[in-house]
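Results of the structural survey
In case you want the letters, here they are:
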Amino acid sequence: IAAFTVDVIFAAHNVSFDWSFLRVEMARQGLEWGNLYKLDTASMAWKEFLKNPSLESISLSKLCTHFGIPNETEHDAKADVHRMIKLYRVLSGFV
């Protein structure tokens, strides 16, 4: 597993939350991460949140609704990843 963690980008919405679980499990297994870069769409969304009073929060669900990203299956891991990728593209200006 450690070989797959060298020079990778760990992307998540609220990356510190997901990272805390992975870090503990890797330590439990006696494994170390290589060079790991973190990308957090929740952090990226703060600028939009601060300039847009209609946004209630920076939750993945609220941001997807705000940007018109389909949001039918909340809290489904695979669907959340696809929504996070779409959100990243919007926040980065790729869409």
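Notes on the structure in this doc start here. Computed from a predicted structure; not experimentally measured. (Residues numbered from 1 in each chain as written. Predicted model: local features only at pLDDT ≥ 70, side-chain atom pairs only at ≥ 80, totals over all residues. Heavy atoms only, no water.)

Within the protein one finds five helices and two strands. Order of helices (α) and strands (β) in the protein, N terminus to C terminus: β-α-β-α-α-α-α. Here the C-alpha coordinates of the protein stretch approximately 45 × 25 × 20 Å along the principal axes. Taking all 95 residues of the protein together, 28% fall into the buried category. (Helix = DSSP H or I, 4+ residues; strand = E, 2+ residues; numbered from the N terminus. Buried < 20%, exposed > 50% of the residue type's maximum accessible area, 1.4 Å probe, protein only.)

Turning next to helix H4 (residues 60-67). Among the residues of H4, Leu60, Ser61, Leu63 and Cys64 are the ones counted as buried. End-on, the buried residues of H4 take up no more than an arc of 165°, which puts them together on one face. Buried-residue contacts for H4 involve helix H5 (77-92). Downstream of H4 by one or two residues, Gly68 has phi in the positive range, about 75°. (Arc of directions from axis to C-beta. Contact = heavy atoms within 4.5 Å.)

A word on the pairing of strand E1 (residues 8-12). Relative to strand E2 (residues 36-40), E1 is paired through five bridges, and the arrangement is parallel. Opposite Ile9, over in E2, you have Tyr37 as the bridge partner. After leaving E1, the chain enters helix H1 (residues 15-28) and then returns to the sheet as E2, a path that is right-handed. (Pairing = 2+ DSSP bridges. Right-handed = clockwise from strand over helix to strand, strands pointing away.)

Within the fold, Phe94 resides in the segment after H5. Once residues within four sequence positions are removed from consideration, Phe94 is found in contact with Tyr88 and Arg89.

Let us look at the pattern of salt bridges. Overall, the coordinates contain four salt bridges when judged by the stated rule. Note that Lys62 is salt-bridged to Glu56, the shortest N-O span being 3.1 Å. Judged by its relative accessible area of 34%, Lys62 falls in the partly exposed class. Judged by relative accessible area, Glu56 falls into the exposed class, the value being 62%. (Salt bridge = Lys/Arg side-chain N within 4 Å of Asp/Glu carboxyl O.)

With that settled, the discussion passes to the nonpolar core. Membership of the largest hydrophobic core is limited to nine residues, which are Ala42, Ala45, Leu55, Ile58, Leu60, Leu63, Cys64, Ile69 and Leu87. Top element by residues in this core is H4. It accounts for three residues. (Core = buried A, V, L, I, M, F, W, Y, C linked by side-chain atoms within 4.5 Å.)

At a closest axis distance of 10 Å, the pairing of H4 and H5 adopts a crossing angle of 55°. When the interaxial angle is binned, H4 and H5 end up oblique. For H4 against H5, the interelement crossing comes out left-handed. Contacts from Leu60, Leu63, Cys64 and Phe67 of H4 reach H5 at Asp80, Arg83, Met84, Leu87, Val90 and Leu91. When its residues are assigned to classes, the contact of H4 with H5 shows eight nonpolar, no polar and two charged. (Axes fitted to C-alpha atoms, helices over the stretch in contact; angles between N-to-C directions. Parallel < 35°, antiparallel > 145°, perpendicular 65-115°, else oblique. Left-handed = near helix turned anticlockwise from the far one by under 90°. Nonpolar A, V, L, I, M, F, W, Y, C, P; charged D, E, K, R; others polar.)

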